[in-house]
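Structural overview for review
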Amino acid sequence: MSDAVCEDSENEIRRDLAAAYRLIALDGMDDGVSTHISARLPGERFLLNAFGLRFEEVRADNLVTVDADGEVLDDPTGLGINPAGFTIHSALHAARPEVACVLHTHTVAGVALSCLEEGLLPLNQWALQFHERLAYHDYEGIALDHDERARLAVDLGEHSAMILRQHGLLTCGRSVGEAFLHMRDLERSCQAQLAAQATGRPLRLASPAMAEHVARQYEAWAESPAGTERAWQAERRRLPDGPDLC
């Protein structure tokens, strides 16, 4: 691959990642300067947000490049990165080479759901896509201990979504768009479950057979020409500056 092609590819990853940060903020899924989204670059490098910028301030040209050991390779802001972000993201990028993006949030609905012993229930169409495809990781405090990386990777396994107990939500994807769309649906699943539980009325759970059927339908849609990429480009168009994220 030529240097020019590699540069174009990296610039597109940067624009996609900046879009994901801005969309998370637009949808109210951010948490001040906390939480993070990472994207893999060639050469065992990945991009993270500068620690001190709100998500709506993230742009393609102020993302921080770090290597697999957490060494900052390029930091236009001079702010560095969130150490907990490096712990979580480096663990999953190292364990899952096919993963291009990891996204982590601390929303009220996500944290509330993470505190429920039963976790996510098969109550609605959004939630059914995660049937037998959702991991759980027990809380170990703020993720500053690099020893936790191995346990994060083991708990995630081959899944693309995980509930971090007493902490929040995590999704990953083969592209930035896929990770974002997973998170949007996981967040909505949590909100819908909490709303249903708040009524105090009996809950109607989907059968395991129906849950598996719907999960496979979602997987087929993601692989179709009209799937993830088309949906992601539609999401990007919601931003006020459209594709101009530099």
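Report on the accompanying structure. (Residues numbered from 1 in each chain as written. Predicted model: local features only at pLDDT ≥ 70, side-chain atom pairs only at ≥ 80, totals over all residues. Heavy atoms only, no water.)

Quick word on unusual backbone geometry
Note the cut-off: Note on conventions: DSSP H or I runs of at least 4 residues are helices, E runs of at least 2 residues are strands, and numbering of each starts at the N terminus.
A positive phi angle is found at T35, which is not glycine, with a value near 65°. Of note in this structure, Q166 is not a glycine but carries a positive phi near 55°. Secondary-structure assignment places Q166 in the loop between β7 (161-164) and β8 (168-173).

Overview of the state of the cysteines
Stated precisely, the cut-off is as follows: Note on disulfides: each one is a pair of cysteine sulfur atoms within 2.5 Å. Throughout this description, buried means an accessible area under 20% of the type-specific maximum (1.4 Å probe, protein chains only), exposed means over 50%, and partly exposed covers the range between.
Taken as a whole, this structure holds zero disulfides when the rule is applied. No disulfide involves C101; its nearest neighbouring cysteine sulfur is the one of C172, lying 8.7 Å away. No disulfide involves C115; its sulfur sits 11 Å from the nearest other cysteine sulfur, which is in C190. Take C115: its relative accessible area is 47%, and that puts it in the partly exposed class.

Considerations on the side chain of R165
For the record, the criterion: Note on charges: Lys and Arg go in the positive column, Asp and Glu in the negative column, and His and the chain ends are not counted at all. Salt bridges are defined by distance alone: a side-chain nitrogen of Lys or Arg within 4 Å of a carboxyl oxygen of Asp or Glu. Residue contacts are defined here by distance: any two heavy atoms, one from each residue, within 4.5 Å place the two residues in contact.
You can see R165 is positioned in the loop between β7 and β8. Comment: no salt bridge for buried R165; closest opposite-charge side chain is D138, at 4.5 Å. Residues within four places of R165 in sequence aside, it is in contact with S114, L116, E117, G119, Y136, H137, D138 and Y139.

Quick word on empty space enclosed by the protein
Heads up, the rule is: Using protein atoms alone on a 1 Å grid, points that fit a 1.4 Å probe yet trap it form a cavity, whereas open point sets bounded by protein on both sides within 12 Å along at least five of seven lines form a pocket; residues with an atom within 4 Å of a point count as lining. Grid points are joined across faces, edges and corners, and a volume is the space filled by probe spheres set on the points. Think of it as three bins: nonpolar holds Ala, Val, Leu, Ile, Met, Phe, Trp, Tyr, Cys and Pro, charged holds Asp, Glu, Lys and Arg, and polar takes everything else, Gly as well.
Applying the stated criterion to the full structure yields one cavity of 30 Å³ or more. The volume enclosed by the largest cavity comes to roughly 60 Å³. Considering the residues around the largest cavity, the lining is formed by 12 residues, among which H137, G141, E148, L164 and H167 are closest to the centre. Here the lining of the largest cavity is built from residues that sort into five nonpolar, three polar and four charged.

What about the packing of helix α2 (residues 83-95) against helix α5 (residues 148-156)?
Note the cut-off: Under this scheme, a helix contributes an axis fitted over its contacting stretch, all axes are lines through C-alpha atoms, and angles between N-to-C directions fall in the 0 to 180 degree range. Angle categories: roughly parallel below 35 degrees, roughly antiparallel above 145, roughly perpendicular from 65 to 115, and oblique for all the rest. Handedness of each helix crossing follows the sense of rotation of the near helix against the far helix: counterclockwise by less than a right angle gives left-handed, clockwise gives right-handed.
In contact at an axis separation of 8 Å, α2 and α5 are set at 55° when each is read in the N-to-C sense. When the axis of α2 is compared with that of α5, the two are oblique. Considering the relative orientation of α2 and α5, their crossing is right-handed. Listed contacts from α5 to F86, T87, I88, S90, A91, L92 and A95 of α2 are R149, L152, A153 and L156. For the contact of α2 with α5, the class distribution of residues is eight nonpolar, two polar and one charged.

Notes on the sheet that holds strand β2 (residues 45-48)
Let me state the cut-off plainly: Each pair of strands is called paired provided DSSP finds at least two bridges between the two strands.
Taking strand neighbours across the sheet as the criterion, the eight strands line up as β4-β3-β2-β1-β5-β8-β7-β6 in an open arrangement whose pairing is mixed. At either end of the open sheet lies a strand with only one pairing partner, and these are β4 (72-74) and β6 (135-137). With strand direction ignored, the average angle separating the axes of adjacent strands in the sheet is 25°. α5 contacts β6, β7 and β8 of the sheet and is inclined by roughly 155° relative to β6.

Details of the environment of M162
You can see M162 is positioned in strand β7. Apart from residues lying up to four places away in sequence, M162 is in contact with L134, A135, Y136, H137, L152, D155, L156, G168, L169 and L170.

Re the layout of surface pockets
The computed volume of the largest pocket comes to approximately 520 Å³. Looking at the largest pocket, it is lined by 24 residues, and the ones nearest its centre are S160, E178, H182, E219 and A222. Contributing elements (two or more residues each) for the lining of the largest pocket: β8, α6 (176-198) and α7 (208-223). For the lining of the largest pocket, the per-class residue count stands at eight nonpolar, six polar and 10 charged.

Points about the pairing of β8
Most of β8 is tucked away, with six of its six residues classed as buried. Relative to β8, strand β5 (residues 101-105) runs antiparallel, the two sharing five bridges. Within β8, the position partnered with L103 by the bridge is T171. Across four bridges, β7 lies against β8 in antiparallel orientation. Considered in β8, the bridge of I163 is made with L169. Hairpin connection between β7 and β8: a loop of three residues separates the two successive antiparallel strands, and Q166 in this loop has a positive phi of roughly 55°.

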